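Fold and contact review
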Amino acid sequence: MFIELHNISRSFGSNHALVDVNLALESGRIGLLGPNGAGKSTLMKILLGLLPPSSGHGRVLGQNLATAGVELRRAIGYMPEADALVPGLEGAEYVALAGELYGMPRTQALRRAHEILTLLGLDDARYRKLEEYSTGMKQRLKLAQAIVHDPSALMLDEPTSGMDPAGREGMLDLFVRLGKEHGKAILLSTHLLGDIEKVCDAVVILHQGRILCQGPVRQLCRRRHDRYRLQIQGDPNGFLEDLRLEGVQVLHDNGRGEYRVQVPESWTNQAFFKLAQLHNVVVRGLQPDDEDLEEMFHRVIEENRDQAPG
Amino acid sequence: MRQLLQYRPWKGDLHSPWWSVWPIARVALGKLLTRRLFWVLYAFGLLLFLMFFFGSFLLSWAEAQMVVSGEQLGRLGDPARMFRLVRAGLRILNGSQETFQYFFAYQGGIVVVTLALAGSLLVGNDFASKSLPFYLAKPISRWHYLLGKMLAVFVVVQMMTTLPAIVLYGQHAFDDFNYFLNVDYFIGNETGKGPAGVVLLLSILGYGTLLSVFLSILLVATASWMRTTMPLIMVWVSLFFFLRLLANLLVDGMKLDPHWRLLDLWNDLTLLGQGCLGFAHESIKPAPQPEFWAAGLVLTGVCIGCLIYLNHRTRSVEIVS
């Protein structure tokens, strides 16, 4: 089990940052979603053993949260949202220092730092001062210091913040590979739903200190019986016009014969094929278009708002 | 980014968190030792050291010359007796407890100035630039981090006080090996009071350690509070200058109880240090002085207060960051 929490709460005076959080998550790639102030950073600090919970107990990677903070942080590579750089150091020195702080011998930390910086495309900048790094370079540097000691788990707080699209894609691919090919447990905290969709198998949604839902993304996203993804071949104009007349709403057209459509209640799949035959159009594919992560997220937030007392 | 096929797992043994103390100190020292201003101040400290060193060398050379020119000098009087008188009069250079009393007092002034200027580099920058989460997110406790910072300050103070003092001691020991072997060297020669030998060496180490430990705790606490150079200098001026003035005014000016002198932290340090060197309480200037134990109590109280503050300060960083 990666994370196991029982009734974890954390308050700062009258501010209840976390309220009765219960989590049971197997090792894997897990997304932590929530708006600002939801309690994501507080939860991460508790999972790292940096903050004691006000009440409740839990385990991370089999270690007790209350007593094993040092062991936890040894097993977890943490990539913070804030820069958290050490001014005056060069890139290689910074990553090597991180390695030494994790407990690596100095020569091995230095060697590993150079290796990781090369892997992350920072080999040309390894002898530059940290103050000279761009935002994207700093993000990669923060990742480097998190993985230098080859931890069994990673906790990543807004890892793609400020990165250009190419850098972001590369970073996300790296996370997927670290999880799939190297068996690392990953907890990814981000506002960007696209990052969660690309990387994570499971998601935890946090709102106002409470867990709204948790579990595999596919199970949480509801099956929609009124939406389909449609792929056709042929002249679509007449076909689409007739669909609209039948009450079908075209939600998205990618211009290459692929559509997302929403159908009325009484609709049957056969109707697609009948209309296609009428307009000499070939239906190449027809799949239910389930709720995506963004829709699921908004639905869950709305449901919680509706259920909230007062 | 390169293909992850090149990512290699690392397998090795991880050290205990205590091993992190030295890298933390090393990074802080590295930042300081690359600054020109530090070397300028260190050079001033070395000048003082060289004054003591060459003064002692000159004294030894003069003694050797007196032996060689004994026949000429003999008309003036007994050369050996004359030289004993000279050595007794120049106790600041003869390697006795007074030598190190003055040495630590002068060097201490340079140390306080150096630490005021270096505090932000050694410690304050981590708070100002929010580097602390980088350290605290690692498998170390906040006390390992603080100990690393204190070790950096400890090394700086040792470099400027204890190490040169040991060299001075070594110089006298090489000059006359009895200085190292005989605890009653000065009493036997009638050239001074106080111990010599290993006792004096341990006293020097004790005085240096006392200075280093107290100043390292105080600097880390004040630098984590003030963080940048100018406010830190103002706090240190208040602690080591204004409190000294106030204590002198109260005790020497207004003739109040000598325990008011305990406000002067530097006096407390030098009082205990001179106690380490074997000075009798009554002989310590300026008189009257509070008791040794009272000075020790004040310094201990200040250290405990600093440590409590540091515990609170680093914990709030964990919460806020």
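In this text the structure is predicted, and so the values were computed from the model without any measurement. (Residues numbered from 1 in each chain as written. Chains lettered and ligands numbered in written order. Predicted model: local features only at pLDDT ≥ 70, side-chain atom pairs only at ≥ 80, totals over all residues.)

**A short note on the overall build of chain B**
Scanning chain B from N- to C-terminus turns up 14 helices and zero strands. Across chain B, helices and strands are ordered from the amino to the carboxyl terminus as α-α-α-α-α-α-α-α-α-α-α-α-α-α. Within the span of chain B, comprising 321 residues, buried residues form 40% of the whole. For chain B, the share of sequence-separated contacts (at least 6 apart) that also reach a separation of at least 24 residues comes to 76%. (Helix = DSSP H or I, 4+ residues; strand = E, 2+ residues; numbered from the N terminus. Buried ≥ 20, exposed ≤ 12 C-beta atoms within 10 Å, placed from the backbone. Contact = placed C-beta atoms within 7 Å.)

**Quick look at the interface of chain A and chain B**
Between chain A and chain B, the residue contacts involve 36 residues of the former and 32 residues of the latter. Where the side of chain A that touches chain B is concerned, the elements lending two or more residues are helix H2 (69-75), helix H3 (91-102), helix H4 (106-119) and helix H6 (165-180) of chain A. With five residues, H3(A) is the single largest residue contributor to the side of chain A that touches chain B. Along the lines of polarity and charge, the residues of the side of chain A that touches chain B split into 20 nonpolar, eight polar and eight charged. (Nonpolar A, V, L, I, M, F, W, Y, C, P; charged D, E, K, R; others polar.)

**Notes on the sheet that holds strand S11 (residues 227-233) of chain A**
All names here are of chain A. Across the sheet, which stays open at both edges, the four strands sit in the order S12-S13-S11-S14 with antiparallel pairing between neighbours. In this open sheet, the two strands that pair with only one neighbour each are strand S12 (249-253) and strand S14 (282-288). Neighbouring strand axes in the sheet, compared pairwise and without regard to direction, differ in orientation by 30 degrees on average. The sheet contact formed by S11 and strand S13 (residues 258-262) spans five bridges and is antiparallel. The partner of Leu230 across the bridge, within S13, is Tyr259. Packing against the sheet, helix H10 (residues 270-278) makes contact with S11 and S14, and its axis sits at approximately 160 degrees to S14. (Pairing = 2+ DSSP bridges. Axes fitted to C-alpha atoms, helices over the stretch in contact; angles between N-to-C directions.)

**Description of the environment of A:Arg74**
Turning to its location among the elements, A:Arg74 is positioned in helix H2. Spatially, the C-alpha atom of A:Arg74 lies 24 Å from that of A:Val204, the residues being 130 residues apart in sequence. Dropping the residues within four chain positions of it, A:Arg74 is found in contact with A:Tyr102, A:Gly103, B:Leu14 and B:Pro139.

**Looking at the packing of helix H5 (residues 97-128) of chain B against helix H13 (residues 265-277) of chain B**
Helices that pack against each other are described as a pair by the angle of their axes relative to one another and the distance between those axes. Residue and element names in this part refer to chain B. The contact between H5 and H13 brings their axes to 10 Å, and the two run at 155 degrees. On the basis of their axis angle, the class for H5 and H13 is roughly antiparallel. In this structure, H5 crosses over H13, and the sense of that crossing is right-handed. Here Gln97, Phe100, Gln101, Phe104 and Ala105 of H5 come into contact with H13, specifically with Thr270, Gly273, Gln274 and Leu277. Class assignment for the residues of the contact of H5 with H13 results in four nonpolar, five polar and no charged. (Parallel < 35°, antiparallel > 145°, perpendicular 65-115°, else oblique. Left-handed = near helix turned anticlockwise from the far one by under 90°.)

**A few points about the confidence of the model for chain B**
Overall, the prediction assigns chain B a mean pLDDT of 87, with 90% of residues at 70 or greater. As a predicted assembly, this complex carries a pTM of 0.84 together with an ipTM value of 0.84. (pLDDT = per-residue confidence, 0-100.)

**Structural notes on unusual backbone geometry**
Residues and elements named next belong to chain B. Residues Lys285 and Pro286 are joined by a peptide bond in cis, for which omega reads -10 degrees. Mapped onto the secondary structure, Pro286 falls in the loop between H13 and helix H14 (292-320). Ala287 connects to Pro288 through a cis peptide bond whose omega is -5 degrees. Of note, Pro288 is situated in the loop between H13 and H14.

**What about helix H1 (residues 21-33) of chain B?**
Over its 13 residues, H1(B) runs 18 Å from end to end, which matches the ideal 18 Å to within 8%, given 1.5 Å per residue. Residues of H1(B) that are buried: B:Val21, B:Ile24, B:Ala25, B:Val27, B:Ala28, B:Leu29 and B:Leu32. (Expected span 1.5 Å × (residues − 1).)

**Quick look at the domain arrangement of chain A**
Split by domain assignment, chain A resolves into domain 1 (3-220) and domain 2 (227-288). The centre of domain 1 of chain A, based on its C-alpha atoms, is set 43 Å off from the matching centre of domain 2 of chain A. (Domains from an automatic or database assignment.)

**Some words on the confidence of the model for chain A**
For chain A, per-residue confidence averages 89 on the pLDDT scale, and residues scoring 70 or more make up 98% of the total. Of all secondary-structure elements in chain A, the lowest mean pLDDT belongs to helix H11 (residues 293-307) of chain A, at 77, while H3(A) reaches the highest, 96.

**A short note on the sheet that holds strand S6 (residues 76-79) of chain A**
Backbone-to-backbone hydrogen bonds join strands into a sheet, with any given pair of strands oriented parallel or antiparallel. All names here are of chain A. As summarised here, the arrangement of the six strands in space is S6-S7-S8-S3-S9-S10, forming an open sheet in which the pairing is mixed. On the outer flanks of this sheet lie S6 and strand S10 (210-216), each paired with one strand and no other. Ignoring which end each strand starts from, the neighbouring axes of this sheet average 15 degrees apart. With four bridges joining them, strand S3 (residues 29-33) and strand S8 (residues 185-189) adopt parallel strand pairing. Directly across from Arg29, in S8, lies its bridge partner Ile186. The strands touched by helix H1 (residues 40-47) are S3, strand S7 (153-157), S8 and strand S9 (202-207); relative to S7, the strand with the most contacts, the crossing angle is about 155 degrees. On the sheet, helix H5 (residues 135-147) packs against S6 and S7 and is oriented at approximately 165 degrees with respect to S6.

**Points about H10(A)**
Residues and elements named next belong to chain A. Within the span of H10, buried status applies to Phe272, Leu275 and Ala276. On an axial view of H10, the arc spanned by its buried residues comes to 105 degrees, and they lie on one face. Across from the buried face of H10, at angles greater than 90 degrees, the exposed residues are Gln270, Lys274, Gln277 and Leu278. For H10, the secondary structure elements touched by its buried residues are S11, helix H9 (237-245) and S14. A positive phi of about 55 degrees marks Asn280, the residue just after H10. (Arc of directions from axis to C-beta.)

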